Each structure stands twice: as C-alpha cells, then as structure tokens.
Amino acid sequence: MIRINEELEFPLEDTLFVFALDSEAGKVFNDKNKLITGIGKVNAAMELTKEIYRKRPKLIVNLGSAGSQSFHKGDVVCCTKFIQRDMDVRGLGFSLYETPLSGIPPVLEYGLRHTGLPEGICGSGDSFEMNHFETVYHIVDMEAYPLALIAMKEEIPFLCLKYISDDAGSEAADDWAVQVHLASEAFKTILFS
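Fair warning: this is a prediction, and the values are worked out from it, not measured in the lab. (Residues numbered from 1 in each chain as written. Predicted model: local features only at pLDDT ≥ 70, side-chain atom pairs only at ≥ 80, totals over all residues. Heavy atoms only, no water.)

1. A short note on the packing of aromatic side chains
In step 1: Counting across every chain of the model gives six aromatic pairs.
In step 2: With 5.7 Å between their ring centres and 55° between their planes, Phe29 and Phe192 make a pair best called tilted. Here Phe29, found in the loop between helix H1 (22–25) and strand E4 (34–36), pairs with Phe192, found in helix H5 (residues 183–192); they are 163 residues apart in sequence, far enough to count as distant.
In step 3: Under the relative-accessibility criterion, Phe192 is labelled partly exposed at 29%.
In step 4: By way of ring pairs, the aromatic residues Phe17, Phe19, Phe29 and Phe192 are connected into one cluster. (Phe/Tyr/Trp six-rings, centres within 6.5 Å; stacked < 30°, edge-to-face > 60°. Helix = DSSP H or I, 4+ residues; strand = E, 2+ residues; numbered from the N terminus. Buried < 20%, exposed > 50% of the residue type's maximum accessible area, 1.4 Å probe, protein only.)

So, in structure tokens, the structure goes:
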C-alpha cells in the first residue's frame, strides 16, 4: 500500500509511477509499475495517455527532479498546482499561462497532498531553465503539467513529488547531473518507509 495521508492509501499494484528518465527512478522502482515517458510535455502526455488506456491505474504518481530557488537541493516537494510556463498568448488578449479556449485556468489545481511535505507550484515547460526569476511558480520541471491535466481529465487521483536537484540558475545543469541520481532514494524513504 502507498499511504498518502491520514485518509488515503492505494494498493501498490494499482499505482503507476511516472518518471521522465530512468535515472530519476534508479533501481528502487524496477519491481513497480513504472513508466518512463522521456523528456518534455509532448512525450509525457503521449506516454501517459497510452498507459492509461493499456492498464487504467487507480493512482498516478509523478516523481522526478526539478529546479527551485525557493527550496534547497535534496528537498522533496509535493506539487498540487501547475502552470504551463511556456504558454504565452497575451498577444491575442489571453492571460499569461492561459491555454486559449480550454476552460482551464492559468494555474491548474489538481493533486493529492502528502503528509509532512512542503507544497509548491510547479511550472512545466519545454526548456531547461537556467535563469529562473518567475515568482508565480517556484518549482521548474518539464513534464508535470500535462501529467496532472491528463489525470484530472481522466478522473484518476494524482500525486506529484519533485526532488529539488538544482536552483534553476547558472549552475543548474552541473547540479542536476550530480543530484538526479539521489532522487529515487529520497522517494523510497517517503513512499515505502
């Protein structure tokens, strides 16, 4: 069983663990229902959608690395709000981050809260951010937004935990390369202890 909080737990065999990269999963998740999507929003959306129709999970857990200047390297943050950080159609009169004509607000609120973890707002986009200065979101990744959106539309509970691997600053790439391998052990401690 995966225990999310005092009220919620899910059978392990009905839980789908979603990662962008196998290096984020490490060996910890080799015997679990694991999906590696590849990097970016399109890959994440395509692979999760296929997996939902192949074997409908009762819980989707997105685990991965992310950058942040608000949290420290090695922190694990629970994300329940998501922004598509590269959606900008202000030139046509829409709000920053708003997907035109979708009916979805610029900040998507969907996800379970995990007891004992800090919460964050995740900005997903198809770029590796190295000069982060945005204040609306304070966690940067490349896949969580579409995963949360698909889970919401499919009415499947969603948990998103991000391991802070870098500060989304000028040293982000070097920090990420070192830290990403530590993520799976941090997730193991939180989810299976």
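2. Let's talk about the pattern of salt bridges
In step 1: The final tally for this structure, using the stated rule, is 12 salt bridges.
In step 2: In this structure, Asp14 and Lys58 form a salt bridge, with 3.8 Å as the shortest nitrogen-oxygen distance. Placement of Asp14 in the loop between strand E2 (9–10) and strand E3 (15–19) and of Lys58 in the loop between helix H2 (41–54) and strand E5 (59–67) is noted, with a sequence separation of 44 residues between them.
In step 3: Lys58 sits in the partly exposed class, given a relative accessible area of 48%.
In step 4: Across the pair Arg113 and Glu119 runs a salt bridge whose closest N-O atoms are separated by 3.1 Å.
In step 5: What makes Arg113 partly exposed here is its relative accessible area of 44%.
In step 6: Overlapping salt bridges, with partners in common, bring together Arg3, Glu6 and Glu9 in one network. (Salt bridge = Lys/Arg side-chain N within 4 Å of Asp/Glu carboxyl O.)

3. Focus: the side chain of Glu24
In step 1: Summarising the element assignment, Glu24 is placed in helix H1.
In step 2: Side-chain polar atoms of Glu24 contact the backbone nitrogen of Ala20, separated by 3.3 Å. (Polar contact = N/O pair within 3.5 Å; in protein donor to acceptor, adjacent residues only side chain to side chain.)

4. A few points about the pairing of E3
In step 1: Taken across its five residues, E3 has five buried, putting it largely inside the fold.
In step 2: With burial as the criterion, each face of E3 is covered, one bearing Thr15, Phe17 and Phe19 and the other bearing Leu16 and Val18.
In step 3: Two strands pair when backbone bridges link them, and E3 and E5 are joined in this way by four bridges, in the parallel orientation. Residue pairing for E5: Phe17 is matched across the bridge by Val61. (Pairing = 2+ DSSP bridges.)

5. Topic: the packing of H2 against helix H3 (residues 144–153)
Two numbers describe a pair of packed helices, the interaxial angle and the distance between the axes.
In step 1: Where H2 meets H3, the closest approach of the two axes is 8 Å, and the angle between their N-to-C directions is 30°. Here H3 runs roughly parallel to H2, going by the angle between their axes. Handedness of the crossing formed by H2 with H3: right-handed. Side by side, H2 and H3 meet where Lys41, Ala44, Ala45, Leu48, Thr49 and Ile52 of the first sit next to Pro146, Leu147 and Ile150 of the second.
In step 2: Among the residues forming the contact of H2 with H3, the class breakdown is seven nonpolar, one polar and one charged. (Axes fitted to C-alpha atoms, helices over the stretch in contact; angles between N-to-C directions. Parallel < 35°, antiparallel > 145°, perpendicular 65-115°, else oblique. Left-handed = near helix turned anticlockwise from the far one by under 90°. Contact = heavy atoms within 4.5 Å. Nonpolar A, V, L, I, M, F, W, Y, C, P; charged D, E, K, R; others polar.)

6. A short note on the pairing of strand E10 (residues 158–166)
In step 1: With respect to burial, E10 is a largely interior element, nine of its nine residues being buried.
In step 2: Note: strand E6 (residues 76–84) against E10, three bridges, orientation antiparallel. Each residue of the ladder has a partner; that of Val77, found in E10, is Lys162.

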